[in-house]
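The chain contents come next:
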Amino acid sequence: GAGVSQSPSNKVTEKGKDVELRCDPISGHTALYWYRQSLGQGLEFLIYFQGNSAPDKSGLPSDRFSAERTGGSVSTLTIQRTQQEDSAVYLCASSPQTGGAKNIQYFGAGTRLSVL
Amino acid sequence: AQTVTQSQPEMSVQEAETVTLSCTYDTSESDYYLFWYKQPPSRQMILVIRQEAYKQQNATENRFSVNFQKAAKSFSLKISDSQLGDAAMYFCACFGAAGNKLTFGGGTRVLVKP
C-alpha cells in the first residue's frame, strides 16, 4: 500500500477483555515497529520485527502484551486482560533496511485504545 | 541506552517568522541517526528531517534546517517562514543502529499565530 495502515482507528473496550490491533506495513519494508504513546509515559518502544529474525520484545511492559508478524508483512499486537493503564495510542512503523531511506521509520495513524 | 530531552513544552511563533526547537540527546552508540518528526492532530507521525551522525554538514529540507552539534550532543530544529500548517507537536528522536529502535523526546508543541 501507499503508507502504513492501522486498524481499528479507535477501540473502546472493557477492563479485562482482550484486544487485537493490526498493522499493515509499507510493501517491501522488512522492519516493523510498535510504539505506545501515552500522556504519562510519552512515546515508548514496544517491539521490533526484522525479516525472519527473532523479534526484539524488550519494550513489552508485561506478559499480557504479545505481537506476531505473519509472512513478514501484517502484524498484530494483542493485549490480554486489558487494564485502564493500557489506554494509549498504539503506533506502528515500518522501515526499509536498504537504500537511501534506510533507518527511516514511516508511521501509521495509530490506534487509540480506551479501556473503561 | 539512549535518552532524548526536549526542554521546551510549548513554543509560539508569528506566521512568517522563525522558531527554533531545542533537543539534546545521549547515546552509547557510535553509529546513530537523529530525526525530527511532526505529529498533527491526525496523530500520524510525519518525518520532517533526518541527520546522519557521521555527517558534519547540517541537514536541510526546504524551510526546515537543523543545527547538529555532535560534541555537545545537541540537535535543534529551525523552522523558517512559519506557516499555519506547521502547528503541531514536534518530536526529536534518536536511532541507534545497534539498538534498532527510536528513542523519543517528550515533544514540543508549536503554535503559529496568524
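Note that the coordinates shown come from a computational prediction; the quantities given were computed from them, not determined experimentally. (Residues numbered from 1 in each chain as written. Chains lettered and ligands numbered in written order. Predicted model: local features only at pLDDT ≥ 70, side-chain atom pairs only at ≥ 80, totals over all residues. Heavy atoms only, no water.)

*Asks:* Quick question: what am I supposed to make of the interface of chain B and chain A here?
*Replies:* Contact residues are listed per partner, giving 17 residues for chain B and 24 residues for chain A. In total, chain B and chain A occlude about 1,700 Å² of area from one another, counting both sides; carbon and sulfur atoms represent 51% of this. Connecting chain B to chain A are 8 residue pairs in polar contact (both at pLDDT 80 or more). Counting residues per element, the ones that place at least two in the side of chain B that touches chain A are strand 5 (32-39), strand 6 (46-52), strand 10 (88-96) and strand 11 (102-104) of chain B. The dominant element in the side of chain B that touches chain A, judged by the number of residues it contributes, is strand 5 of chain B, at 4 residues. Split by residue class, the side of chain B that touches chain A holds 9 nonpolar, 5 polar and 3 charged. (Contact = heavy atoms within 4.5 Å. Buried area = accessible area lost by both parts, 1.4 Å probe. Polar contact = N/O pair within 3.5 Å; in protein donor to acceptor, adjacent residues only side chain to side chain. Helix = DSSP H or I, 4+ residues; strand = E, 2+ residues; numbered from the N terminus. Nonpolar A, V, L, I, M, F, W, Y, C, P; charged D, E, K, R; others polar.)

*Asks:* Help me understand the layout of surface pockets in this model?
*Replies:* Unfilled space is identified by rolling a water-sized probe across the atoms. In this structure, the largest pocket occupies an estimated 550 Å³ of space. Those elements that place two or more of their residues in the lining of the largest pocket are strand 4 (31-38), strand 5 (42-50), strand 8 (88-95) and strand 10 (111-115) of chain A together with strand 10 of chain B. When the residues that make up the lining of the largest pocket are grouped by side-chain class, the tally is 10 nonpolar, 9 polar and 3 charged. (1 Å grid on protein atoms, 1.4 Å probe; cavity = no way out; pocket = protein on both sides within 12 Å on 5 of 7 lines; lining within 4 Å. Points joined across faces, edges and corners; volume = space filled by probe spheres on them.)

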